[in-house]
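Per-entry structural report
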Amino acid sequence: MQETLELILDYVRGAWRFRRQALITAWATALIGWLTIFALPDVYEAKARIYVDTKTALKPVLANLVADQDVNAQLNLVRQSLLENPQLEPLAREVGLIDARVLTPQQRIGILNSMRERIQLTVTLAATENRQEREPGSIYAISYQDV
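The sections below set out a description of the structure shown in this document. (Residues numbered from 1 in each chain as written. Predicted model: local features only at pLDDT ≥ 70, side-chain atom pairs only at ≥ 80, totals over all residues. Heavy atoms only, no water.)

1. Observations concerning the overall build of the protein
For the protein, the helix and strand inventory stands at 8 helices and 3 strands. Within the span of the protein, comprising 147 residues, buried residues form 18% of the whole. Sequence separation of 24 or more characterises 58% of the internal contacts of the protein that already satisfy a separation of 6 or more. (Helix = DSSP H or I, 4+ residues; strand = E, 2+ residues; numbered from the N terminus. Buried < 20%, exposed > 50% of the residue type's maximum accessible area, 1.4 Å probe, protein only. Contact = heavy atoms within 4.5 Å.)

The structure is reproduced here in C-alpha cells:
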C-alpha cells in the first residue's frame, strides 16, 4: 500500500512540475477547437418519412377526373399537394419564418418559394422497401435543410 501511495505522489509531483506546459497545451487546444467550431456554418436539417397508399387515398379524389391513372401520375399529384402554399404556410408560421405583423404578401410568397426549393422529396415504392409486403403504395422521404 505504501508503494502505491508513493507512486501516486511521484505522479502528482511530476505533473505539478510541468503544470505550465500542460496549461499552455490545454489553452492552445481549446482555442483551436473553439475557432474550428465557430468557423462551421449553422445547418439545420429535418427529415420525415410518410407512407401513402396511392390506391385508397387518391381514389375518391381522382374518381371524377379520369378513368384510370398510373402510379406516377398519382405520385405527382401527392407531391404537388404536399408542396402547396396551404400546407407550407402553417409550417412556416410555426417555425417563425412568417410573422403576421411584419411581412408583406410578396415577402410571404418569397419565403414559401424559398422553402419549397429547399425541400427535397424522394419517392420509393413500398414493395421495394419491404419485400414481404406487396401493397401498392409509396414512401415519401421529405428532408429540409436551412443554412
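From this point on, the discussion continues.
2. Things to note about the environment of Ser-138
Looking at the secondary structure, you find Ser-138 in strand E3 (residues 138-146). Residues Ser-138 and Leu-125, spaced 13 residues apart in sequence, show a C-alpha to C-alpha distance of 4.2 Å.

3. Some words on the pattern of salt bridges
Taken as a whole, this structure holds 4 salt bridges when the rule is applied. One salt bridge connects Glu-89 with Arg-108, and the closest N-O pair in it is separated by 3.7 Å. Linking Glu-89 in helix H6 (residues 85-95) with Arg-108 in helix H7 (residues 105-118), this pair joins segments that are 19 residues apart in sequence. On the accessibility criterion, Glu-89 (25% relative accessible area) is partly exposed. One salt bridge connects Asp-146 with Arg-118, and the closest N-O pair in it is separated by 2.4 Å. Note that Asp-146 is positioned in strand E3 and Arg-118 in helix H7, a separation of 28 residues in sequence. Using a relative accessible area of 22% as the deciding quantity, one classes Asp-146 as partly exposed. In this structure, a network of salt bridges that share partners links the residues Glu-89, Arg-93 and Arg-108. (Salt bridge = Lys/Arg side-chain N within 4 Å of Asp/Glu carboxyl O.)

4. Comments concerning the packing of aromatic side chains
The full count for this structure, using the stated rule, is 1 aromatic pair. Ring geometry for Trp-27 against Trp-34: centres 6.2 Å apart, planes inclined by 80 degrees, an arrangement best described as edge-to-face. Residue classification places Trp-27 among the exposed residues on the basis of a relative accessible area of 56%. (Phe/Tyr/Trp six-rings, centres within 6.5 Å; stacked < 30°, edge-to-face > 60°.)

5. Quick notes on the sheet that holds strand E1 (residues 44-52)
If you walk across this open sheet you meet the 3 strands as E1-E3-E2, and the pairing is antiparallel. A strand with exactly one partner marks an edge of an open sheet, and here the two such strands are E1 and strand E2 (119-125). Between one strand axis and the next, the sheet turns through 15 degrees on average, direction left out of account. Relative to E3, E1 runs antiparallel, the two sharing 9 bridges. (Pairing = 2+ DSSP bridges. Axes fitted to C-alpha atoms, helices over the stretch in contact; angles between N-to-C directions.)

6. A look at the packing of H6 against H7
Put simply, H6 and H7 touch, their axes get as near as 10 Å, and they point 100 degrees apart. As the angle between them shows, H6 and H7 are arranged roughly perpendicular. In this structure, H6 uses Asn-85, Leu-88, Glu-89, Leu-91, Ala-92 and Arg-93 to contact H7, whose residues at the interface are Arg-108, Leu-112, Met-115 and Arg-116. Each residue belonging to the contact of H6 with H7 can be placed in one class, and the counts come to 5 nonpolar, 1 polar and 4 charged. (Parallel < 35°, antiparallel > 145°, perpendicular 65-115°, else oblique. Nonpolar A, V, L, I, M, F, W, Y, C, P; charged D, E, K, R; others polar.)

7. A closer look at the side chain of Ser-143
By the secondary structure assignment, Ser-143 is in strand E3. Apart from the residues within four sequence positions on either side, Ser-143 is in contact with Ala-46, Lys-47, Arg-118, Ile-119 and Gln-120.

8. Some remarks on a nonpolar patch on the surface
A grouping of Leu-23, Trp-27, Leu-31, Trp-34, Leu-35 and Phe-38 is seen on the molecular surface, where their side chains present a nonpolar patch of about 770 Å² in accessible area. For Phe-38, the location among the structural elements is in helix H2 (residues 19-39). (Patch = residues over 30% accessible without salt bridge, like charges linked within 9 Å, V, L, I, M, F, W, Y side chains within 5 Å. Areas by Shrake-Rupley, 256 points an atom, 1.4 Å probe, with all protein chains shown as cover.)

9. Observations regarding H7
Note that an α-helix has 3.6 residues per turn; residues three or four places apart therefore point the same way. With 14 residues, H7 should cover 20 Å at 1.5 Å per step; its first-to-last C-alpha distance of 20 Å lies within 8% of that length. All of the buried residues in H7 are Arg-108, Leu-112 and Met-115. Mapping the buried residues of H7 onto a view down its axis gives an arc of 60 degrees, with all of them on the same face. Facing away from the buried surface of H7 by more than 90 degrees, the exposed residues are Gln-106 and Glu-117. (Expected span 1.5 Å × (residues − 1). Arc of directions from axis to C-beta.)

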